[in-house]
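Below are the chains, spelled out letter by letter.
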Amino acid sequence: MSATIAPAVVILLGPPGAGKGTQARMLEEDFGLVQLSTGDLLRAAVAQGTPAGLAAKAVMEAGGLVSDDIVLAILKDRMAEPDVAKGVVLDGFPRTQGQAEALDALLAEAGQRVTAAVSLEVDDAAMVDRIAGRYTCGTCGEGYHDSFKQPAVAGVCDKCGGTQFKRRADDKAETVKARLEAYHAQTAPLIAYYDGHGVLDRIDAMGTIPDIRAALARALGVSA
Ligand code: AMP
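What counts and how
Residues numbered from 1 in each chain as written. Predicted model: local features only at pLDDT ≥ 70, side-chain atom pairs only at ≥ 80, totals over all residues. Heavy atoms only, no water. Near = heavy atom within 4 Å. Polar contact = N/O pair within 3.5 Å; in protein donor to acceptor, adjacent residues only side chain to side chain. Areas by Shrake-Rupley, 256 points an atom, 1.4 Å probe, with all protein chains shown as cover. Helix = DSSP H or I, 4+ residues; strand = E, 2+ residues; numbered from the N terminus. Nonpolar A, V, L, I, M, F, W, Y, C, P; charged D, E, K, R; others polar. Pairing = 2+ DSSP bridges. Axes fitted to C-alpha atoms, helices over the stretch in contact; angles between N-to-C directions. Core = buried A, V, L, I, M, F, W, Y, C linked by side-chain atoms within 4.5 Å. Buried < 20%, exposed > 50% of the residue type's maximum accessible area, 1.4 Å probe, protein only. Contact = heavy atoms within 4.5 Å. Phe/Tyr/Trp six-rings, centres within 6.5 Å; stacked < 30°, edge-to-face > 60°. Salt bridge = Lys/Arg side-chain N within 4 Å of Asp/Glu carboxyl O.

1. A closer look at the site of the ligand
At step 1: By nearness alone, 16 residues border the ligand, and Thr38, Arg43, Gly64, Arg95 and Gln99 come closest of all.
At step 2: Here an oxygen atom of the ligand sits 2.9 Å away from a polar atom, N or O, in the side chain of Arg43.
At step 3: Arg168 places a polar side-chain atom, nitrogen or oxygen, 3.0 Å from an oxygen atom of the ligand.
At step 4: Computed on the free molecule, the ligand has an accessible area of 480 Å², of which 97% lies beneath the protein chains in the complex.
At step 5: Considering every element that reaches the shell around the ligand, the biggest residue donor is helix α2 (residues 38-48), with 4 residues.
At step 6: Looking at the shell around the ligand residue by residue, the class counts come to 6 nonpolar, 5 polar and 5 charged.

Okay, here's the thing in structure tokens:
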């Protein structure tokens, strides 16, 4: 659309439910970045029954983190595709210090570095409700929520007109608790990692989707 932040590598950090996927899609629309979600890539691998998908399935269902080896192999394959040259927004990656260091090494090979890491700051207590009500269009992936964002016409996707919707198997309350624990134990330390690299921004992500979208654009130094 209007502004560009290229060639950028933007990382969205935050617990499950913070809005990483929603905001990554907004960054695609606003700035032409390519959303790269390791969760989506892993779910596709599970659906296709690839060896990586078979190995990841049980861990994902339990709300744990898939091994760095599997995630990095999937990420490297995706990063080798040509559309990535437009700039990427990484959603759900990196999730461990090992992944962050591997990403730095991968980018360094191409003479690049992380442009910005934005921490979406939320209250954990609100995340279970946010996650429990969410669902997506089965055709285009547009996100909806039982309380916060319903399609304008019930049962019809605003974006593509699709009528099939799906809910994630790991969005059940008990799995969400495990995912929040994994976030705090293994991923939250990356906030300090990127602060140390001088690329961290923190934004309040408890507001509305448009407010967070605007705050994110300001953090990235562009106006949407
Ligand atoms: P997400 O869609 O980002 O919420 O990810 C869903 C699930 O996929 C997570 O709970 C993990 O089991 C797995 N996953 C996604 N990204 C990663 C990653 N970078 N490292 C390890 N596991 C991941």
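2. Quick word on the environment of Ser67
At step 1: One can find Ser67 in the loop between α3 (51-62) and α4 (68-79).
At step 2: Sequence spacing of Ser67 and Gln99 is 32 residues, and the spatial spacing of their C-alpha atoms is 9.8 Å.

3. Observations regarding the sheet that holds strand β8 (residues 200-204)
At step 1: The sheet built from 5 strands is open, its strands ordered β2-β3-β1-β4-β8 with parallel pairing. At either margin of the open sheet sits one strand with a lone partner, and together these are β2 (34-37) and β8. Pairs of neighbouring strands in the sheet enclose a mean axial angle of 25 degrees, with direction left out of account.
At step 2: Strand direction decides the pairing type here: strand β4 (residues 116-121) and β8, joined by 5 bridges, are parallel. Its bridge partner being in β8, Glu121 is matched across the sheet by Asp204.

4. Here we look at the nonpolar core
At step 1: With 33 residues, the main nonpolar core has Ile11, Leu42, Leu75, Met79, Leu90, Leu103 and Tyr194 as its most contacted residues.
At step 2: Sorting the residues of this core by element identifies β1 (9-13), β2, α2, α3, α4, β3 (88-91), α5 (97-109) and α8 (189-196) as the ones contributing at least two each.
At step 3: When residues of this core are assigned to their parent elements, the largest contribution, 6 residues, is made by α4.
At step 4: Those residues in contact with Leu75 that sit more than four places away from it in its chain are Leu36, Thr38, Leu90, Phe93, Leu103 and Leu106.

5. Details of the packing of aromatic side chains
At step 1: Summed over the entire model, instances satisfying the criterion amount to 4 aromatic pairs.
At step 2: Geometrically, the ring pair formed by Tyr135 and Tyr144 is stacked, given 5.8 Å between the ring centres and 25 degrees between the ring planes.
At step 3: Accessibility expressed as a relative area gives 10% for Tyr135, which makes it buried.
At step 4: Taking the centre distance of 5.0 Å and the plane angle of 85 degrees together, the rings of Tyr193 and Tyr194 count as edge-to-face.
At step 5: With a relative accessible area of 1%, Tyr194 lands in the buried category.

6. Details of the pattern of salt bridges
At step 1: Counted according to the given criterion, the structure contains 17 salt bridges.
At step 2: Across the pair Arg43 and Asp40 runs a salt bridge whose closest N-O atoms are separated by 2.8 Å. With Arg43 and Asp40 both in helix α2 and 3 residues apart, the pair spans about one turn of that helix.
At step 3: According to the relative accessible area criterion, Asp40 is partly exposed, its value standing at 41%.
At step 4: The partner of Lys177 in a salt bridge is Glu181, with the nearest N and O atoms 3.5 Å apart. Here the residue Lys177 and the residue Glu181 both occupy positions in helix α7 (residues 173-187), the gap between them amounting to 4 residues, near one helical turn.
At step 5: Put simply, Arg25, Glu29, Asp30, Glu142, Lys149, Lys159 and Arg213 are held in one network by salt bridges that share partners.

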